Amino acid sequence: MTPPPGEIPSEVAAAWALQRPPPGDRIGAPRGGPHPAPTALVLGDPAPHLPRALAQTGYALTRWHRDLTRGQICAPWPPSGPFGEVWVRMPRSSREAAMLLHAAAARVADGARIHLYGAGREGIRSSARHFPEGTDPPDTLLIKRRCRVLAATRRAPPPRPDALDSWEVRAPVDWGTGARDWTFYPGVFACGHLDAATALLIDCLPALPAGARLLDFGAGTGIIAAAALERGAPGAEAVLLERDAIALVAASRNLPGATLVLGRSAAAVPGPFALIVSTPPIHAGSAQSLHTVEELVREAPAVLAPGGRLLLVAQRRLPIARILERTFPLINTIADRESFRVWEAGRNQP
Ligand SMILES: C[S@@+](CC[C@H](N)C(=O)[O-])C[C@H]1O[C@@H](n2cnc3c(N)ncnc32)[C@H](O)[C@@H]1O
């Protein structure tokens, strides 16, 4: 069976890890007597191939992911280590690559190796520039199946403090009521700006009455929830559900006092909600996938209050109405702008 495209880089990195000499045979490895297993940290890889190869070749492994992922530590920043080596899965953006490689370099000693692996279309060919000051220029260890494995040796500690906050991006955001300074971090959705689909959904938000509860599913940095609270009566409440621990740190800066939930499913959040809003993810890795929207639509009725509404925004070309029809008898298109559309769905009249 062909693996999903996002797994191929992990397979290629695993192939390299399996064919290198075992840790004890390497130049510079300590000789004689029993030695503790060498340690490796893998950052941001949901696929099992590389971790399995490292474990098979004698490494004690730690896995970290910013996204909630089974079998991995999920936290806003990787565990501190130190580790014998670090492996970084090429992330979505250049800024995130620089951030993760910096964190990797802060988790090894001088002389240790930091690896980066990914596919050509993820930007791995031009990724050498993301390694931080204090590391040698990276070597290319393997090129296979349009993927590359690079490694650089650390010579000195990296320059920035080893903390998420040293990567904070502050930018003005205006959803129609005046610009405010907003906190983002590399790799969050629409880092540094207001996305057009998000803005369209905000334009459709009803005014929440006092005491009403809103669930922002896939809340990112919290822009939709913040706009809803601003528009609603005092005493309305927002719950932000997000699977990315780093996005939730941004949301905590932007909406101090809001309820933040690290999770992947609306069913995990106690209702009832008068309104569920979402700019749902329509990709899994780089491939289009409506799996999360389908799951949200299936689970929404269980947490919606009687007469409650689900508001979704997505590209007009997507079969969102068909997905909603499986669960909701009442569906309206309430906005249509450029390539985006907002659908409102409910089970009974408010
Ligand atoms: C398109 S972005 C929208 C972010 C934010 N609502 C906005 O408009 O700026 C989708 C968000 O959903 C999050 N996400 C993806 N799958 C999720 C899931 N199963 N559960 C919770 N959040 C999820 C992503 O991490 C991302 O922050």
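Residues numbered from 1 in each chain as written. Predicted model: local features only at pLDDT ≥ 70, side-chain atom pairs only at ≥ 80, totals over all residues.

Asker: Outline the sheet that holds strand E2 (residues 60-65), listing residues and values.
Answerer: One open sheet accounts for seven strands, arranged E3-E2-E1-E4-E5-E7-E6; its pairing is mixed. The open sheet has two free edges, formed respectively by strand E3 (73-74) and strand E6 (139-144), since each of these has just one partner strand. Across the sheet, helix H2 (residues 49-56) lies against strand E1 (39-43), E2 and strand E4 (85-89), angled at about 160 degrees from E2, the strand it touches most. (Pairing = 2+ DSSP bridges. Helix = DSSP H or I, 4+ residues; strand = E, 2+ residues; numbered from the N terminus. Contact = placed C-beta atoms within 7 Å. Axes fitted to C-alpha atoms, helices over the stretch in contact; angles between N-to-C directions.)

Asker: Kindly report on the pairing of strand E18 (residues 340-346), identifying the contributing residues and their values.
Answerer: The side chains of a regular strand alternate, first on one face of the sheet and then on the other. The buried fraction of E18 amounts to six of the seven residues, a majority that puts the element mostly inside the structure. Both strand E16 (residues 304-315) and E18 contribute to a ladder of six bridges, which runs antiparallel. The partner of Gln315 across the bridge, within E18, is Phe340. In this structure, strand E17 (residues 330-337) lies alongside E18, joined through seven bridges in antiparallel fashion. When the bridges of E18 are listed, Thr333 appears paired with Trp343. With antiparallel pairing between neighbouring strands as the criterion, E17 and E18 make up a hairpin whose turn holds two residues, including Glu338 at a positive phi of roughly 50 degrees. (Buried ≥ 20, exposed ≤ 12 C-beta atoms within 10 Å, placed from the backbone.)

Asker: For the sheet that holds strand E13 (residues 273-278), give the residues involved together with the corresponding values.
Answerer: In a beta sheet, neighbouring strands pair by backbone hydrogen bonds and run either parallel or antiparallel. The strand order across the open sheet built from seven strands is E12-E11-E10-E13-E16-E18-E17, with neighbouring strands paired in mixed fashion. Edge positions in the sheet fall to strand E12 (259-262) and E17, since each has one partner strand and no second. Direction aside, neighbouring strands of the sheet carry axes that sit 20 degrees apart on average. Packed onto the sheet, helix H4 (residues 196-203) meets E13, E16, E17 and E18 and runs at close to 45 degrees relative to E18.

Asker: Lay out the site of the ligand with the relevant residues and their values.
Answerer: Around the ligand lies a shell of 18 residues, among which Phe189, Thr198, Gly218, Gly220 and Thr279 are the nearest. Mapped onto the shell around the ligand, the elements with two or more residues apiece are helix H5 (223-231) and strand E11 (237-242). Across the shell around the ligand, the residue classes tally to eight nonpolar, five polar and five charged. (Near = placed C-beta within 6 Å. Nonpolar A, V, L, I, M, F, W, Y, C, P; charged D, E, K, R; others polar.)

Asker: Any chance you could break down H4 for me, citing the residues and the numbers?
Answerer: Among the residues of H4, Ala197, Thr198, Ala199, Leu201 and Ile202 are the ones counted as buried. Looking at the buried side of H4, the elements it contacts are H5, E13, E16 and E18.

Asker: Please give an account of the nonpolar core that cites residues and values.
Answerer: As a rule of thumb, soluble globular proteins bury nonpolar side chains together. One finds Leu214, Ala225, Ala228 and Ile276 to be the most contacted residues of the largest nonpolar core, which totals 103 residues. Formed jointly, this core draws a minimum of three residues from each of two domains, domain 1 (5-164) and domain 2 (168-346). (Core = buried A, V, L, I, M, F, W, Y, C linked by C-beta atoms within 7 Å. Domains from an automatic or database assignment.)

Asker: Pulling in residues and values, what's your account of H2?
Answerer: Looking at H2, one finds that the buried residues are His49, Leu50, Pro51, Ala53 and Leu54. Buried residues along H2 sit in contact with helix H1 (8-19), E1, E2 and E4. Following H2 by one or two positions, Gly58 adopts a phi angle in the positive range, close to 95 degrees.

Asker: Pulling in residues and values, what's your account of the domain arrangement of the protein chain?
Answerer: Quite often, the size of an interface is put as the accessible area lost when its parts meet. With domains assigned, the protein chain is organised as domain 1 (5-164) and domain 2 (168-346). One C-alpha centre belongs to domain 1, the other to domain 2; they are set 34 Å apart. In this complex, domain 1 contributes 15 residues to the contact, which on the side of domain 2 involves 14 residues. Its residues assigned to classes, the side of domain 1 that touches domain 2 comprises eight nonpolar, two polar and five charged.

Asker: A description of the environment of Ala53 should follow, citing residues and the corresponding values.
Answerer: Inspection of the secondary structure puts Ala53 in helix H2. Taking the C-beta count within 10 Å as the criterion, Ala53 has 20 such neighbours and is therefore assigned buried. Taking the C-alpha atoms as reference, Ala53 lies 34 Å from Val293; in sequence the two are 240 residues apart. Apart from residues no more than four positions distant in its own chain, Ala53 is found in contact with Ala14, Ala17 and Leu18.

Asker: Which residues make up unusual backbone geometry, and what values go with them?
Answerer: Trans peptide bonds make up the majority, and among non-glycine residues the majority have a negative phi. Here the amide bond leading from Gly81 into Pro82 is cis, since omega sits at 10 degrees, within 30 degrees of zero. For Pro82, the position within the fold is in the loop between E3 and E4. That bond from Gly271 to Pro272 is cis: its omega, -5 degrees, falls within 30 degrees of zero. A positive phi angle is found at Arg145, which is not glycine, with a value near 50 degrees. Looking at where Arg145 falls in the secondary structure, it is placed in the loop between E6 and strand E7 (147-153).

Asker: Please provide a residue-by-residue account of the packing of H1 against H2, values included.
Answerer: Between H1 and H2, the least distance of the axes is 7 Å, while the angle of their chain directions is 15 degrees. Between H1 and H2, the angle is such that the two are roughly parallel. When the axes of H1 and H2 are compared, the crossing they make is right-handed. Contacts between H1 and H2 pair Ser10, Glu11, Ala13, Ala14, Ala17 and Leu18 from the former with His49, Leu50, Arg52, Ala53, Leu54 and Gln56 from the latter. Looking at the contact of H1 with H2, its residues break down into seven nonpolar, three polar and two charged. (Parallel < 35°, antiparallel > 145°, perpendicular 65-115°, else oblique. Left-handed = near helix turned anticlockwise from the far one by under 90°.)

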